[in-house]
Amino acid sequence: MTPLLNVVSSHHGVLLQDAGRRGAQAAGFCQAGALDLPSAWLAHGLVHGVWPAHDFVPTQFYQLPPVIEITHGNCRFEALTAITVAHVGALGPLRVNQQPVTCGVTLSLKAGDVLEIGFYRQGLRGYLAINADISAPRLYQSCSRVDREHVGLALTAGQQLCGTPKQAAKTRSLPYVVQHALLPPPVLQLDYLPQAASFEAAPEQAALEQQLYRVSPQSNRMGVRCTGPSIWQHPRYSMRSEALSNGTIQLPPDGQPLVLLNDHQTIGGYPRLGTLASYSIYALAQQRPGQFIRFNPVSLPELQIKRDQCWYWLWQQLAKITGTTD
Amino acid sequence: MHTITMRLSGEFALLLELKQPNEQTLDATMPAQIRQLAAWCGELCGDAVQEIVPSYHTLLLSFTPYHPRWPAIIDELENACKQWQTEFGQPLCLPGQLLQLPVWYNSNVAPDLASVAHQHGLSTQQVAALHSAIDYPVYAVGFTPGFAYLGFVDQQLATPRHATPRVSVPAGSVAIADRQTAVYPTATPGGWNIIGQCPIPLSPDWCQVGDRVRFVAVDEARFYELRQHPSQWQLEVTNDPAA
């Protein structure tokens, strides 16, 4: 095991993440995991290049090896050995030893090189993959970091990230159009399942679908707060707590929808309007505070088709960059 | 007679709800029934299910994405639930474990003990006696790892949450919110009324929904002794009459 990176500067949004924990919610641990899985996979694909399996197998996308998730940018890493890294997702200024470099390409770093990630200008979350088997403490087979649960490795300034480096990665790059396809449009349409409501919510759902919301700056990995007109005509107050699914749209008494993300509490008592599709959660994770979102109802069969299309698109992009198919 | 309703909770998730005739009150057998239903669903679904999360009268089943049994398993479960209602819908057979926790009820470690006693016109000794008099079923585990929602304290102890939560409640705090009670397993922000302190550390999986928890009052000397040597305390009660 070799020291790979030294964290030079960091903040609460710099987190080691994989696909998250399974089977831990009954004990009260959240799911955790990378919020924008497609971007995380593309970063991984650039440096590892072992993707894809010849057949399109969507289940593989639910097993992501660790990457560093960065919210808002603004951090620096020093390479402690020769490694290849790639940054995919949000776009912002990247520098190696103060020289500008680009997102979405493999970057070869020598020991002592400093990678600086500036504030993102488009998108909210970037993923940094390293061509190594990263070693980090695991709980329920996952090394995903959750600060409030004190699980996983905290990437605070001064922390070293260790692992076993792999063979030097080939030079690979992600087309600019693909990088842009990962970023949400100015008004992001989110698909949700109205069937997953916890009460007879037709009037509230109609209001939700008509209105335009903004992502609140108070959003985090636990949830996205939406600001807009209140949905309630007559607020319903908390019911008995029930276990929550990822992407659940809660409606607190203030009438502003709250969309739960991967680090949400396992149980909660606010009435629920429905649940977002997984591919909409990935997109929402990139929508910056102040930007707009809309909610669009889908049926389960529609959702399944769109989800398959999302994974198929990702599989094709991975196949192209890793060059195992033509 | 309880009936089960089932609805979609996410693209790979179902929420089962155990409905009882009177929705306002939650009977004390509910956690044991939910636990039984959880075990039964776990057996039925095998590796198709990833998460089984009970909470009060509900059970969330999260399935393995793209498992070949999804979504056909929805119909399987629906049929199975009908069968469950006829076979088990009545009294239960899985009482869970009886677990005991030591508590020092004293204002030195419990900042709200005096005010809770004062609000209800009781002495602090009476608060301790009432709180440790019953075995509490575990209705849910969540909020933080290992935080168990226990119910329901004597009506005389029901105390609303603080209007403004404390920034940090120490680990081990035994607290009341309305008629619920709990022990904070880790230091977190919290708005519950702290009436005692438990000296032994609690792991995230120290209890499950359907277990019952008994609080045993200890004195100052025993409290510090157990804090030094938590292994002296036996969590499980071996001579459980309900088992």
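1. What about the overall build of chain B?
The secondary structure content of chain B amounts to five helices and 13 strands. By the compact-globule yardstick of 18 Å for 243 residues, chain B fits well, its C-alpha radius of gyration being 20 Å. If one aligns the C-alpha atoms of chain B with their principal axes, the spans along those axes are about 60 × 40 × 35 Å. Nonlocal contacts in chain B, meaning residues at least 24 apart in sequence, comprise 63% of its contacts between residues at least 6 apart.

2. Focus on the overall build of chain A
From N to C terminus, chain A includes five helices and 21 strands. Its C-alpha atoms put chain A at 60 × 40 × 35 Å along the principal axes. When burial is assessed residue by residue, chain A has 59% of its 326 residues classed as buried. For chain A, the exposed area adds up to about 12,800 Å²; of that, 52% sits on carbon and sulfur atoms. Within chain A, one finds 24 positive and 20 negative side-chain charges whose respective centroids are separated by 4 Å.

3. Overview of the interface of chain A and chain B
The interface is formed by 38 residues belonging to chain A together with 33 residues belonging to chain B. Of the roughly 2,900 Å² buried between chain A and chain B, counting both surfaces, carbon and sulfur atoms make up 55%. Three residues, Arg240, Ala243 and Ile267 of chain A, lead the burial of chain A against chain B; their summed loss comes to 21% of the area buried on that side. Counting every contact that joins chain A to chain B gives two salt bridges. With a closest N to O distance of 2.8 Å, Glu11 of chain B and Arg307 of chain A form a salt bridge. Inspection of the region where chain A meets chain B yields twelve residue pairs in polar contact (both at pLDDT 80 or more). Taken together, the elements giving at least two residues each to the side of chain A that touches chain B come down to β16 (242-243), β20 (272-276) and α5 (300-322) of chain A. Tallying contributions element by element places α5 of chain A first for the side of chain A that touches chain B, with six residues. Residues that form the side of chain A that touches chain B fall into these classes: 17 nonpolar, 13 polar and eight charged.

4. Here's the deal with the domain arrangement of chain A
Residues and elements named next belong to chain A. Splitting chain A by domain gives domain 1 (2-183) and domain 2 (187-303). A straight line from the C-alpha centre of domain 1 to that of domain 2 covers 28 Å. With 30 residues of domain 1 at the interface, the matching set in domain 2 holds 18 residues. With both chains or domains summed, domain 1 and domain 2 bury close to 1,800 Å², and 48% of this area falls on carbon and sulfur atoms. Remark: the boundary between domain 1 and domain 2 carries one salt bridge.

5. Regarding the side chain of Gln100 of chain B
All names here are of chain B. Mapped onto the fold, Gln100 is located in strand β5 (residues 98-103). In terms of polar contacts, Gln100 uses its side chain to reach the backbone carbonyl oxygen of Gln234, at 3.0 Å. With sequence-adjacent residues up to four places away left out, Gln100 is seen in contact with Arg214, Val216, Trp233, Gln234, Leu235, Glu236 and Val237.

6. A look at the sheet that holds strand β8 (residues 106-109) of chain A
Residue and element names in this part refer to chain A. Spatially, five strands are ordered β2-β3-β10-β5-β8 in an open sheet, and the strand pairing comes out antiparallel. Looking along the sheet, the strands with just one partner apiece sit at the ends: β2 (14-17) and β8. Neighbour-to-neighbour, the strand axes of this sheet turn through a mean angle of 25 degrees, independent of strand direction. Bridge analysis of strand β5 (residues 83-91) against β8 gives four bridges, and the strand direction is antiparallel. Residue pairing across strands places Ile83 opposite Leu109, the latter belonging to β8. Set on the sheet, helix α1 (residues 37-48) makes contact with β3 (67-71), β5, β8 and β10 (122-130); between it and β5 the angle comes to about 155 degrees.

7. Quick word on the packing of aromatic side chains
In this structure the tally under the stated criterion is 27 aromatic pairs over all chains. Ring geometry for Tyr62 of chain A and Tyr66 of chain B: centres 6.2 Å apart, planes at 50 degrees, overall tilted. In this pair, Tyr62 of chain A sits in the loop between α1 and β3 while Tyr66 of chain B sits in the loop between β4 (58-63) and α2 (72-88), so the two residues belong to two different chains. Residue Tyr62 of chain A is classed as buried on the basis of its relative accessible area, which comes to 10%.

8. Digging into the sheet that holds strand β13 (residues 187-193) of chain A
Residue and element names in this part refer to chain A. Strands sit in the order β13-β20-β17-β18-β15-β14-β21 around a closed barrel of seven strands; the barrel is mixed. Strand-to-strand, the axes of this sheet are offset by a mean angle of 40 degrees, without reference to chain direction. The sheet contact formed by β13 and strand β21 (residues 292-297) spans six bridges and is parallel. For Tyr192, the partnering residue across the bridge sits in β21 and is Pro297.

9. Remarks on the nonpolar core
Counting residues in each nonpolar core, the largest one holds 143 residues, and the members touching the most others are Leu284 and Phe295 of chain A together with Leu16, Phe63, Leu101 and Phe215 of chain B. By size, the runner-up hydrophobic cluster in this structure holds 33 residues, among which are Cys75, Ala79, Cys103 and Cys143 of chain A.

Scoring rules and cut-offs
- Residues numbered from 1 in each chain as written.
- Chains lettered and ligands numbered in written order.
- Predicted model: local features only at pLDDT ≥ 70, side-chain atom pairs only at ≥ 80, totals over all residues.
- Heavy atoms only, no water.
- Helix = DSSP H or I, 4+ residues; strand = E, 2+ residues; numbered from the N terminus.
- Rg over C-alpha atoms; globule rule 2.2 N^0.38 Å.
- Contact = heavy atoms within 4.5 Å.
- Buried < 20%, exposed > 50% of the residue type's maximum accessible area, 1.4 Å probe, protein only.
- Areas by Shrake-Rupley, 256 points an atom, 1.4 Å probe, with all protein chains shown as cover.
- Lys, Arg positive; Asp, Glu negative; His and termini not counted.
- Charge placed at Lys NZ, Arg CZ, Asp CG, Glu CD.
- Buried area = accessible area lost by both parts, 1.4 Å probe.
- Salt bridge = Lys/Arg side-chain N within 4 Å of Asp/Glu carboxyl O.
- Polar contact = N/O pair within 3.5 Å; in protein donor to acceptor, adjacent residues only side chain to side chain.
- Nonpolar A, V, L, I, M, F, W, Y, C, P; charged D, E, K, R; others polar.
- Domains from an automatic or database assignment.
- Pairing = 2+ DSSP bridges.
- Axes fitted to C-alpha atoms, helices over the stretch in contact; angles between N-to-C directions.
- Phe/Tyr/Trp six-rings, centres within 6.5 Å; stacked < 30°, edge-to-face > 60°.
- Core = buried A, V, L, I, M, F, W, Y, C linked by side-chain atoms within 4.5 Å.

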